Amino acid sequence: MSGSAALDLSPGIELTSLCYKGRSCDRPFFIFYEVNPMPNDALPTLTESALRGIACRCPRCGKGKLYAGFIDLRPNCEACGLDYAFIDTGDGPAIFIIMIAGAIVVGSALVVEIKYQPPFWLHAALWLPLILATTLLPLRSMKSLLIALQYHHKAAPGRLIDREPK
Ligand SMILES: [Zn+2]
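Residues numbered from 1 in each chain as written. Predicted model: local features only at pLDDT ≥ 70, side-chain atom pairs only at ≥ 80, totals over all residues.

Some remarks on the overall build of the chain
So, step 1. Counting its secondary structure elements, the chain contains 4 helices and 2 strands.
So, step 2. Residues classed as buried in the chain amount to 14% of the 166 residues present.
So, step 3. Of the contacts formed within the chain by residues at least 6 apart in sequence, a portion of 52% connects residues at least 24 apart. (Helix = DSSP H or I, 4+ residues; strand = E, 2+ residues; numbered from the N terminus. Buried ≥ 20, exposed ≤ 12 C-beta atoms within 10 Å, placed from the backbone. Contact = placed C-beta atoms within 7 Å.)

Some words on unusual backbone geometry
A negative phi angle is the norm for most residues apart from glycine, just as the trans form is the norm for most peptide bonds.
So, step 1. Although it is not a glycine, glutamine 117 sits at a positive phi angle of roughly 40°.
So, step 2. On the secondary structure map, glutamine 117 appears in the loop between helix H2 (92-116) and helix H3 (120-136).
So, step 3. Although it is not a glycine, lysine 154 adopts a positive phi angle of roughly 50°.
So, step 4. Relative to the assigned elements, lysine 154 resides in the segment after helix H4 (139-153).

Structural notes on the confidence of the model for the chain
So, step 1. Confidence in the prediction of the chain, expressed as mean pLDDT, is 82, and 74% of residues score 70 or more.
So, step 2. Contacts for the low-pLDDT stretch residues 1-9, under 50 throughout, to residues beyond four places or in other chains number 6 contacts.
So, step 3. Taken as a whole, residues 16-20 scores under 50 in pLDDT and shows 11 contacts with residues more than four places along the chain or in a different chain. (pLDDT = per-residue confidence, 0-100.)

A short note on the nonpolar core
So, step 1. Core analysis: the biggest nonpolar cluster contains 10 residues, these being Cys58, Leu66, Cys77, Leu82, Met142, Leu145, Leu146, Ile147, Ala148 and Tyr151.
So, step 2. If we skip the residues at most four places from it in the chain, isoleucine 147 touches Gly53, Pro59, Leu66, Ile87 and Thr89. (Core = buried A, V, L, I, M, F, W, Y, C linked by C-beta atoms within 7 Å.)

Focus on the packing of helix H1 (residues 46-54) against H4
So, step 1. Here H1 crosses H4 at 150°, and the two axes come no closer than 7 Å. Between H1 and H4, the crossing angle belongs to the class labelled roughly antiparallel. Crossing handedness for the pair H1 and H4: right-handed. Contacts from Leu46, Ser49, Ala50, Arg52, Gly53 and Ile54 of H1 reach H4 at Ser141, Ser144, Leu145, Ile147, Ala148, Leu149, Tyr151 and His152.
So, step 2. Residue classes in the contact of H1 with H4 are distributed as 8 nonpolar, 5 polar and 1 charged. (Axes fitted to C-alpha atoms, helices over the stretch in contact; angles between N-to-C directions. Parallel < 35°, antiparallel > 145°, perpendicular 65-115°, else oblique. Left-handed = near helix turned anticlockwise from the far one by under 90°. Nonpolar A, V, L, I, M, F, W, Y, C, P; charged D, E, K, R; others polar.)

A short note on the environment of proline 75
So, step 1. For proline 75, the position within the fold is in the loop between H1 and H2.
So, step 2. Proline 75 gets classed as exposed once you count the C-beta atoms within 10 Å, which come to 9.

Considering H1
So, step 1. For H1, the full list of buried residues reads Ser49, Arg52 and Gly53. Seen end-on, H1 carries its buried residues on one side only, within an arc spanning 100°.
So, step 2. Looking at the buried side of H1, the elements it contacts are H4.
So, step 3. Just past H1, the residue cysteine 56 takes up positive phi, approximately 60°. (Arc of directions from axis to C-beta.)

Quick word on H4
Given 3.6 residues per helical turn, the α-helix brings residues three or four places apart onto the same face.
So, step 1. Across its 15 residues, H4 extends 21 Å between first and last C-alpha, which sits within 8% of the 21 Å expected from 1.5 Å per residue.
So, step 2. Residues Met142, Lys143, Ser144, Leu145, Leu146, Ile147, Ala148, Gln150 and Tyr151 constitute the buried set of H4.
So, step 3. Elements that come into contact with the buried residues of H4 comprise H1 and H2. (Expected span 1.5 Å × (residues − 1).)

Next up, the structure:
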């Protein structure tokens, strides 16, 4: 990363790599920059971030609410004004919920079937409510936990910006 000192980087833009490994850095073919849209504040500890996430609170101040609806986000924090536009959890919350709920429900259904061999209507009566409980109940907290971790680790997609070569 010796070449980064010669570049005039704007605030919020961090140089991630100048050239591919094993290539000369004198005349790089591409220059990659990372634009971090999140404010450069003092971060809470990982435990504080996780607790704010589980409580569905703002990842920066821990006071403002994160959601306007069930899983619809507010545009910003009502307490500290943090813009929530950086939030991008994608399919992360759903994937974690599917894996955890699937293990619980399928494991329970297998144990009950092997031990008691109940009729199928009893399986439906048991597992449909359990599926709803294990997927819908933790969804808000799981999504806000991932948001809090995204904020804590300043995770954001890297972007290319146009720059005149020097
Ligand atoms: Zn806040």
